[in-house]
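Next come the chains, spelled out residue by residue.
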Amino acid sequence: MTTARRKSNPVAPGVETARPDASDNSPGENHRPPPNDGAPHRALAPHNNLSLPRSPLIGRDHAIATIQQLLLQEHVGLLTLTGPGGIGKTRLAMQVAANLLDHFVDGVYFVALAPISETALVSTTIAQTLGVHEAAGRPLQESLQEYLRNKQLLLVLDNFEQILAAAPLVSALLTECCRLKTLVTSRATLHLYGEQEFPVPALSLPDAKHLAALEKEPVSHLTDYAALQLFCQRAIAARPDFVLTRSNAVAVAQRYASAWMGCRSPSNWPRRGSSCSRRQPCWRA
């Protein structure tokens with residue numbers, strides 16, 4: 001996929017988009033370009049609505065590299081990150097999206113679907129995120145297709161498991177919009193043609209046979225495990241005087257392993273076509 005910037009296509013007839021407010025920095029009639037003083041000017045970043053947490057993402061370097069490589073493959077239009085609730089799908093998707101901003105000249109947009117339980121509201125939520133309004137006498141899906149048809153854009157659809165019945169909408173958008181890429185987070189796949197699945201793994205942790213050996217390892221080696229790194233990050237945020245020791249590392253590792261096994265239980269995974277109830281999550285990455 002080319003990374004060269006291009007001018008976005010004008011909005012197709014019949015598609016209304018939200019007008020920028022007074023706070024926008026769009027050039028107006030009286031706008032003058034800055035003087036050419038010979039200094040390099042940084043290219044404007046693509047449009048996006050991403051809001052990343054300040055805390056670093058721990059233990060996901062390999063997953064990020066793999067997901068980015070998959071998304072940039074020409075034949076991959078739909079990539080679904082799957083896994084139990086709380087495993088870190090949303091945070092991982094947001095980081096990947098932020099890393100790929102320069103690859104999508106028409107923008108990267110995050111669509112939060114967690115509050116939605118009605119399939120009919122999915123297209124409305126996507127349209128609101130993109131600033132597309134339904135034109136009189138025209139279905140909103142058609143307006144979305146016209147708006148996205150020639151755009152090189154990444155759409156991140158978060159928490160899709162509870163509105164799996166809306167999968168045909170995603171299929172229709174990808175069919176009509178050949179340059180559109182969609183990154184989905186869900187506890188279950190969408191079961192669409194061409195869908196690529198990436199199961200999000202748990203953070204690294206010693207297996208059950210080696211848990212007892214943690215008490216013998218140097219404290220400096222304990223944070224080699226991503227799960228313990230994450231726990232330390234969260235613990236220090238709540239209690240600045242927290243110190244990881246050999247004894248509490250074992251307790252933390254045992255608790256994490258127990259929570260992960262509970263998340264992997266088949267009873268915690270949604271069935272195809274059913275809504276997914278909120279359950280006790282694993283620790284988020």
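Below you will find a few notes about this structure.

About the criteria used
- Residues numbered from 1 in each chain as written.
- Predicted model: local features only at pLDDT ≥ 70, side-chain atom pairs only at ≥ 80, totals over all residues.
- Heavy atoms only, no water.
- Helix = DSSP H or I, 4+ residues; strand = E, 2+ residues; numbered from the N terminus.
- Buried < 20%, exposed > 50% of the residue type's maximum accessible area, 1.4 Å probe, protein only.
- Contact = heavy atoms within 4.5 Å.
- Areas by Shrake-Rupley, 256 points an atom, 1.4 Å probe, with all protein chains shown as cover.
- Pairing = 2+ DSSP bridges.
- Right-handed = clockwise from strand over helix to strand, strands pointing away.
- Axes fitted to C-alpha atoms, helices over the stretch in contact; angles between N-to-C directions.
- Phe/Tyr/Trp six-rings, centres within 6.5 Å; stacked < 30°, edge-to-face > 60°.
- Lys NZ or Arg CZ within 6 Å of the ring centre and 35° of its normal.
- Polar contact = N/O pair within 3.5 Å; in protein donor to acceptor, adjacent residues only side chain to side chain.

For the rest of this paragraph, the subject is the overall build of the chain. Scanning the chain from N- to C-terminus turns up eight helices and seven strands. Taken over 285 residues, the chain has a buried fraction of 44%. Restricting to contacts in the chain with at least 6 residues of sequence separation, those with at least 24 account for 78%. When the accessible surface of the chain is summed, it comes to about 16,100 Å², and 52% of that surface belongs to carbon and sulfur atoms.

Let us look at the side chain of Ser 123. Looking at where Ser 123 falls in the secondary structure, it is placed in helix α3 (residues 121-130). When its relative accessible area of 15% is taken as the criterion, Ser 123 is described as buried. Setting aside anything within four residues of it in sequence, one finds Ser 123 in contact with Leu 140, Leu 144 and Leu 169.

So, on to unusual backbone geometry. In this structure, Asn 159 is a non-glycine residue whose phi angle is positive, near 65°. Turning to its location among the elements, Asn 159 is positioned in the loop between β5 (154-158) and α5 (167-176). Judged by relative accessible area, Asn 159 falls into the buried class, the value being 15%. At His 191, a residue that is not glycine, the phi angle is positive and equals roughly 60°. Residue position: His 191 is located in the loop between β6 (181-186) and β7 (195-199).

It is worth spelling out the pairing of β6 at this point. Burial of β6 is extensive: six of the six residues sit out of reach of the surface. Alternating positions in β6 separate into two faces, Lys 181, Leu 183 and Thr 185 on one and Thr 182, Val 184 and Ser 186 on the other, with burial throughout. Relative to β6, strand β2 (residues 78-82) runs parallel, the two sharing five bridges. The partner of Thr 80 across the bridge, within β6, is Val 184. When β5 meets β6, the two strands line up parallel, connected through four bridges. Bridging from a neighbouring strand, Leu 155 pairs with Thr 182 of β6. Since β5 and β6 lie parallel, the crossover through α5 that links them has a hand, and here it is right-handed.

Spatially, five strands are ordered β3-β5-β6-β2-β7 in an open sheet, and the strand pairing comes out parallel. Two strands in the sheet have a free side with no partner beyond their single neighbour: β3 (108-112) and β7. With direction set aside, neighbouring strand axes in the sheet form an average angle of 20°. The sheet strands contacting helix α2 (residues 89-99) are β2, β3, β5 and β6, and the helix crosses β6 at an angle near 160°.

Glancing now at the packing of aromatic side chains. Using the criterion set out here, one finds zero aromatic pairs in the structure. Geometry around Tyr 147 places Lys 151 over its ring, the cationic atom sitting 4.3 Å from the centre.

With respect to the helices and strands, Arg 60 occurs in the loop between β1 (16-17) and α1 (61-71). A sequence separation of 166 residues divides Arg 60 from Ala 226, and the C-alpha atoms of the two residues are 8.6 Å apart. Only 2.7 Å separates the side chain of Arg 60 from the backbone oxygen of Pro 201, close enough to count as a polar contact.

Our focus in this paragraph is α5. All of the buried residues in α5 are Ala 167, Leu 169, Val 170, Ala 172, Leu 173 and Leu 174. In this structure, the buried residues of α5 make contact with β2, α3, α4 (140-148), β5 and β6.

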